[in-house]
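What follows is each chain in one-letter form.
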Amino acid sequence: MMILAGLGNPEPKYLRNRHNVGFMAMDIIAAAWSAGPWRKRFKGLCAELTVSTAAGPKKLLLLKPQTFYNNSGNCVAEAANFFKVAPENVVVFHDELDLDPGKFRLKTGGGAAGNNGIKSITQQLGPDFRRGRIGIGHPGDRNRVTDYVLSDFDKHDEVWLIDLLDAIADSIDLLASGEFDAFQTRVTHKAPAP
């Protein structure tokens, strides 16, 4: 099994925030692959699906922590421990200030770079999980970061955002089969950054 976790905040007022792009990714993946219903479990919402890959069917658990962004590790670790999923089979999708809007990078390990959700997961699982980094750009002033990530995407962002989330969902079969470079390549070709 592989766990795909999207980071975000659970209250409706955060629904379209930049910080909730991980939740958005989980919703698009669930719809594209006809996942089972979302259920409350592991301090979050989870849905299961099976993806057909070249290597055979692969089971995925989609996870949206309901612990608020900065405490996401509690939910992700609980699910990983229950299913005995190693950190390298956990992929966390999240907003990334250090990437231009619309850029996507898949990376394994590394530091939290000020992202408290990633820091929380690292404290619980160690650093060896994979990160699906969805670029949202930086507001230019570190004092404006909190307001920026907790504000909605601008109208002009919607085209690249929809294209990128669709490309991620369309490429999940490669991710599920462990073809990580091919997954990133297909996503970036299907949805080049503006």
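First, a word on scope: everything that follows refers to the structure included in this document. Small disclaimer: the values here were computed from a predicted structure and weren't measured.

## Some details on the overall build of the protein
Argument step 1. Counting secondary structure elements, the protein contains seven helices and seven strands.
Argument step 2. Listing the helices and strands of the protein from first to last along the sequence gives β-α-β-β-β-α-β-β-α-β-α-α-α-α.
Argument step 3. In terms of C-alpha radius of gyration, the protein reaches 15 Å, essentially the compact-globule figure of 16 Å for 194 residues.
Argument step 4. Taking the principal axes of its C-alpha atoms as reference, the protein extends roughly 45 × 35 × 30 Å.
Argument step 5. Taking as baseline every contact in the protein between residues at least 6 positions apart, the subset at least 24 positions apart corresponds to 66%.
Argument step 6. Total accessible area on the protein is roughly 9100 Å²; 48% of this is exposed by carbon and sulfur atoms.
Argument step 7. Charged side chains of the protein number 23 positive and 22 negative; the gap between the two group centres comes to 5 Å.

## Some details on the packing of helix α5 (residues 158-170) against helix α7 (residues 180-190)
Argument step 1. Between α5 and α7, the least distance of the axes is 8 Å, while the angle of their chain directions is 145°. The handedness of the crossing between α5 and α7 comes out as right-handed. From α5, L164, A167, I168 and D170 reach across to α7, where they touch F183, R186, V187 and K190.
Argument step 2. Taken together, the residues that form the contact of α5 with α7 break down as five nonpolar, no polar and three charged.

## Side note on the pairing of strand β4 (residues 56-65)
Argument step 1. Buried residues dominate β4, accounting for seven of its ten residues.
Argument step 2. Here strand β1 (residues 2-6) runs beside β4; their pairing, made up of four bridges, is parallel. Its bridge partner being in β4, L4 is matched across the sheet by L62.
Argument step 3. Of the strand pairs in this sheet, strand β3 (residues 44-53) and β4 are connected by ten bridges, and their pairing is antiparallel.

## Side note on the layout of surface pockets
Argument step 1. When its volume is computed, the largest pocket comes out at roughly 390 Å³.
Argument step 2. Around the largest pocket, the lining comprises 19 residues; the ones closest to its centre are H19, L97, G114, N115 and V145.
Argument step 3. Class assignment of the residues belonging to the lining of the largest pocket gives a composition of seven nonpolar, nine polar and three charged.
Argument step 4. The computed volume of the second largest pocket comes to approximately 260 Å³.
Argument step 5. In terms of lining residues, the second largest pocket is bounded by 18 residues, among which L15, N20, F23, M24 and D27 are the most central.
Argument step 6. Where the lining of the second largest pocket is concerned, the elements lending two or more residues are α1 (21-32) and α5.

## Quick word on helix α2 (residues 72-83)
The α-helix advances 3.6 residues per turn, and as a result positions three or four apart in sequence lie on the same side.
Argument step 1. With twelve residues, α2 extends 17 Å from end C-alpha to end C-alpha; this agrees with the ideal 16 Å at 1.5 Å per step.
Argument step 2. When α2 is considered as a whole, its buried residues turn out to be S72, G73, C75, V76, A77, A79 and A80.
Argument step 3. For α2, the elements touching its buried residues are β1, β3, β4, β5 (90-96) and α3 (116-125).

## As for the sheet that holds β4
Argument step 1. Spatial strand order, β2-β3-β4-β1-β5-β7-β6: seven strands in an open sheet with mixed pairing. Edge positions in the sheet fall to β2 (39-41) and β6 (104-108), since each has one partner strand and no second. On average, each strand axis in the sheet is inclined to that of its neighbour by 30°, with strand direction left out of account.
Argument step 2. Against the sheet, α2 contacts β1, β2, β3, β4 and β5, and its axis sits at roughly 150° relative to β4.
Argument step 3. Running at roughly 165° to β6, α7 makes contact with β1, β5, β6 and β7 (130-135) of the sheet.

What counts as what
Residue indices begin from 1 for each chain and proceed along its sequence in written order. Local features are withheld for residues below a pLDDT of 70 in this predicted model, meaning they are given only at 70 or higher, and side-chain atom pairs are given and counted only at 80 or more; totals for whole chains, interfaces and linings count all residues. Side-chain measures were taken over the full set of non-hydrogen atoms in the model, leaving aside hydrogen atoms and water. A run of DSSP states H or I qualifies as a helix once it reaches four residues; a run of E qualifies as a strand once it reaches two. Both are numbered from the N-terminal end. The reference for a compact globule is 2.2 Å times residues^0.38; the radius of gyration itself is calculated from the C-alpha atoms. Any two residues whose heavy atoms approach within 4.5 Å are treated as being in contact. Note that accessible areas follow from Shrake-Rupley with a 1.4 Å probe, and for residues the cover is restricted to the protein chains shown. Charge assignment: positive for Lys and Arg, negative for Asp and Glu; neither His nor the chain ends contribute. A charge is said to be at NZ when it belongs to Lys, at CZ for Arg, at CG for Asp and at CD for Glu. What counts as an axis is a line fitted to C-alpha atoms, over the stretch in contact for a helix, and the angles between N-to-C directions run from 0 to 180 degrees. Helix crossings fall into two classes, left-handed where the near helix is turned counterclockwise from the far one by less than a right angle and right-handed where it is turned clockwise. When residues are sorted by character, Ala, Val, Leu, Ile, Met, Phe, Trp, Tyr, Cys and Pro go into the nonpolar class, Asp, Glu, Lys and Arg into the charged class, and all the rest, Gly among them, into the polar class. Residue exposure (1.4 Å probe, protein chains only): buried if accessible area is under 20% of the type maximum, exposed if over 50%, otherwise partly exposed. When DSSP finds two or more bridges between a pair of strands, those strands are recorded as paired. Only protein atoms enter the calculation, which uses a 1 Å grid: trapped sets of points that fit a 1.4 Å probe without letting it out are cavities, open sets showing protein on both sides within 12 Å along at least five of seven lines are pockets, and any residue with an atom within 4 Å of a point is a lining residue. Grid points are joined across faces, edges and corners, and a volume is the space filled by probe spheres set on the points. Expected span, for any helix, means 1.5 Å times one less than how many residues it has.

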